[in-house]
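# Fold and geometry: a report
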Amino acid sequence: MRSWPAPPVPSLPAVDETLELHSTPAATRTPVVSRDGTASLYVCGITPYDATHLGHANTYVQFDILVRYWRACGLDVNYVQNVTDIDDPLLERADATGVDWRMLAESQTDLFRSDMHALRVIPPNTYMGAVEMIPGVVEDVERLLSEGIAYPVPAEGTATPDYYFDIASAEARTGWTFGSIGNYDRTSMEELFPERGGDPERAGKRDPLDPLLWLARREGEPSWDGGTLGEGRPGWHIECSVIARRHLPAPFSVQGGGSDLRFPHHEFSAAHATAADGVPLAEHYAHTGMVGLNGEKMSKSKGNLVLVSELTAKGHDPQAIRALLLSHHWRADWSFHPDDLAFAEARLGRWKSAVAHAEDYDADPSHPSPLQYALMSALSGDLNAPAALDILDLWAAGQFPGGTSRRQTIDLVDALLGISLEA
Ligand code: 5CA
Ligand code: ZN
């Protein structure tokens, strides 16, 4: 599927840093080791039934810093993102609003594209919808079935059964242990499962937490050819597992998303992949904090959304929105307050004014400036963007030691932080 236009990214003299990232399964910082000059990333994309809110924007802007950091280290980055363009919440919203589900998905994905473009987020190399990946999903579910890691559950009024993933069998036959990815104990997972799309009450399941792999065709719902599974549509976790495995090496460097995806989503997409391939899905799992409004998580279901498109329509500079997001550490939970945006706008103004008055001279383009070392060193320690912005404040206040020309500064801030300070 089409993504969005790439922003220009100035090239920087390469600096060889070692990135340390807080990985959820390890629950601590771990070095991210690149292989053969490459790094690979999968970030879970939107379910397009409502436009981009600040929580989504935060997740994609924070992972954009990872992409930019890797590129500045001279790595070749392979980045994949999905769109959950078929799932229950999308069908429910389409039903409730009387809009065709395809039109809803298309219009909201388009709005997301224009928001990402406005926020200067580097697009993924592969942007793929669940619907496009259905043949791959069918292939994998058939494989899991033949290996005894999936099983049918008869459904009322359907010609063929639904299919579920067998947690116990996967634990016995693969290297995956239940809870090892999201880092939750069984009691917490039992609490979270029904809140996040799971169906613990479904009769006929071997374990109440076994997740759905393939849903048989229901009257009045869209469905696709499922080969030996029968007509139907994919479960949620298998979608990301299959899209990632078909487009990235196994294991790839980082699986990303918001912390609401720790369980069940990332736990099970990793489990499905390990069961199908025999190797872990990813080396690291990175989860961004949840953005809220007045202390409550911002979510489509609660309707307490601050939309990027509404802020920009009111005349707010998307670059100030970006600066606001990056003033929070990627793992932090935080609540939006309109004053924060005014603060970010003033801050951006100070950086721009400092750049406009900075000295221009011919700096050696192959030699990293002291400012570049400082910013990259801040980012190498668990992608500390707030610390990078503080360094920029120091520089703008004339308190940063070491020379950096006007042009170098513009290129540096643009390449690493995605903020253009050009007048
Ligand atoms: N399509 C699935 C992932 S495969 C999904 O979770 N879609 S979503 O539209 O609900 O969320 C898109 C991304 O934004 C996910 O990575 C999710 O973790 C993240 N996200 C959702 N709400 C928030 C929030 N309030 N704060 C931060 N990130 C959020
Ligand atoms: Zn996903």
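These remarks concern the structure in this document. Predicted model, so just to flag it, every value in this text is computed and none were measured. (Residues numbered from 1 in each chain as written. Chains lettered and ligands numbered in written order. Predicted model: local features only at pLDDT ≥ 70, side-chain atom pairs only at ≥ 80, totals over all residues. Heavy atoms only, no water.)

## Topic: the overall build of the chain
Quick reminder of the rule: A run of H or I in DSSP becomes a helix once it reaches four residues, and a run of E becomes a strand once it reaches two; helices and strands are each numbered from the N terminus. The quantity called the radius of gyration is restricted to C-alpha atoms. Its globule counterpart is 2.2 Å times the number of residues to the power 0.38. Relative accessibility under 20% of the residue-type maximum defines a buried residue, over 50% an exposed one, and the middle range a partly exposed one, all with a 1.4 Å probe and only protein chains included. Whether two residues are in contact is decided by their heavy atoms: any pair within 4.5 Å suffices. The accessible surface values rely on the Shrake-Rupley method and a 1.4 Å probe; as for residues, cover is taken only from the protein chains in view. Asp and Glu count as negative and Lys and Arg as positive, but His and the ends of the chain are not part of the count. To locate a charge, take NZ of a lysine, CZ of an arginine, CG of an aspartate or CD of a glutamate.
Along the chain, the regular secondary structure elements total 14 helices and 14 strands. Here the C-alpha atoms of the chain give a radius of gyration of 22 Å, agreeing with the 22 Å that 2.2 N^0.38 yields for 423 residues. If one aligns the C-alpha atoms of the chain with their principal axes, the spans along those axes are about 75 × 45 × 35 Å. The 423 residues of the chain split such that 57% are buried. Pairs at least 24 apart in sequence give 78% of the contacts found in the chain among residues at least 6 apart. Put simply, the chain shows about 16900 Å² of open surface, and 50% of that area lies on carbon and sulfur atoms. In the chain, which carries 33 positive and 59 negative side-chain charges, the distance between the mean positions of the two groups comes to 1 Å.

## Examining the sheet that holds strand E3 (residues 38-43)
Just so we agree on the cut-off: A pair of strands is treated as paired once DSSP finds two or more bridges between them. Between N-to-C directions, angles cover 0 to 180 degrees, with each direction set by a line fitted to C-alpha atoms, over the stretch in contact for helices.
Taken together, the five strands give an open sheet; going across it, the order is E5-E4-E3-E10-E11, and neighbouring strands pair in parallel fashion. A single partner strand is all that each edge strand has here, and the edge strands are strand E5 (126-129) and strand E11 (282-288). Within the sheet, the average angular offset between the axes of one strand and its neighbour, ignoring direction, is 20°. The sheet strands contacting helix H1 (residues 54-72) are E3, strand E4 (76-83), strand E10 (252-258) and E11, and the helix crosses E3 at an angle near 175°.

## Quick word on the environment of Pro 386
As for its placement among the helices and strands, Pro 386 is situated in helix H13 (residues 385-396). A relative accessible area of 15% means that Pro 386 is categorised as buried. Sequence separation of Pro 386 and Glu 17 is 369 residues, and the distance between their C-alpha atoms is 18 Å. Contacts of Pro 386, omitting those with residues within four sequence positions, involve Leu 326, Ser 327, His 328 and His 329.

## A word on the packing of aromatic side chains
For clarity, the threshold we go by: Only Phe, Tyr and Trp rings take part, Trp by its six-membered ring, and two of them pair if their centres are within 6.5 Å. Stacked means planes under 30 degrees apart, edge-to-face means over 60, and tilted covers everything else. We count a charge as sitting over a ring when the NZ of a lysine or the CZ of an arginine lies within 6 Å of the ring centre and within 35 degrees of the ring normal.
What the rule picks out here adds up to 14 aromatic pairs. Seen from their ring centres, Phe 193 and Phe 263 are 6.3 Å apart, and the 45° between their planes marks the pair as tilted. With Phe 193 in helix H6 (residues 186-195) and Phe 263 in helix H8 (residues 262-277), this pair connects stretches of sequence that are 70 residues apart. Chaining the aromatic ring pairs together yields one cluster made of Phe 165, Trp 176, Phe 178, Phe 193, Phe 263 and Phe 268. Cation over ring: Arg 262 sits above Tyr 184, and NZ or CZ is 4.0 Å from the ring centre.

## Observations concerning the side chain of Thr 409
Take Thr 409: it is sitting in helix H14 (residues 406-417). The exposure class assigned to Thr 409 is buried, which follows from its relative accessible area of 0%. Residue contacts for Thr 409: discarding those within four places in its chain leaves Val 355, Leu 371, Trp 395 and Thr 404.

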